[in-house]
Amino acid sequence: METVITIVVFLLGLSVLIVIHELGHYWAARIFGIRVEQFALFWGKKLVGFKRGDTEWRINAIPIGGYVKISGMLDESLDEEQVAGEPQPWEFRSKPIWQRLIVMLGGVIMNVILGVIIFIGLKYAYGDKFIMNE
């Protein structure tokens, strides 16, 4: 039973890190008016999900990573129908390079912010411990 609890706690902790990272990409895209088609925790076949606005929010079956499917972003899916037409104003590929860079760095920026918050919390909770040299 202890092993099952360890695995569940590990997956929950990993899920929080993944969601925070992907939220960085999502929020950056939304700030610049880029349409986000899917926000997914994990990969593979959809287990549960719902649609709110233009975005489908889902939890998938294989507990490895996550992704944000951004409209107009050329990626491994190679959505050829979407790429064939002219870039639309809400698509990633129609935005200036600096906005695209911020969207791509959004996940890393959120990871750094989370790390700073964790260290501030640890400092607040435990304070400084000094060993006096005599």
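Described below are features of the structure shown in this document. As the structure is a prediction and not an experimental result, all values here were calculated from the model.

Some remarks on helix α1 (residues 2-31)
End to end, α1 covers 43 Å across 30 residues, agreeing with the expected 44 Å (1.5 Å per residue, within 8%). All of the buried residues along α1 are S15, I18, I20, E22, L23, G24, H25, Y26, A28 and A29. Buried positions along α1 lie against β1 (36-52), β2 (55-70) and α3 (97-126). Looking one or two places after α1, you find G33, whose phi comes out positive at around 75°.

Some remarks on the environment of I62
With respect to the element layout, I62 can be found in strand β2. Residue I62 is classed as partly exposed on the basis of its relative accessible area of 41%. For I62 and W43, which are 19 residues apart along the polypeptide, the C-alpha to C-alpha distance reads 5.1 Å.

Observations concerning a nonpolar patch on the surface
A cluster of nonpolar side chains, M1, V4, I5, V8, V9 and L12, forms an exposed patch at the surface whose accessible area comes to about 620 Å². Checked against the element boundaries, V8 lands in helix α1.

Scoring rules and cut-offs
Residues numbered from 1 in each chain as written. Predicted model: local features only at pLDDT ≥ 70, side-chain atom pairs only at ≥ 80, totals over all residues. Heavy atoms only, no water. Helix = DSSP H or I, 4+ residues; strand = E, 2+ residues; numbered from the N terminus. Expected span 1.5 Å × (residues − 1). Buried < 20%, exposed > 50% of the residue type's maximum accessible area, 1.4 Å probe, protein only. Contact = heavy atoms within 4.5 Å. Patch = residues over 30% accessible without salt bridge, like charges linked within 9 Å, V, L, I, M, F, W, Y side chains within 5 Å. Areas by Shrake-Rupley, 256 points an atom, 1.4 Å probe, with all protein chains shown as cover. Salt bridge = Lys/Arg side-chain N within 4 Å of Asp/Glu carboxyl O.

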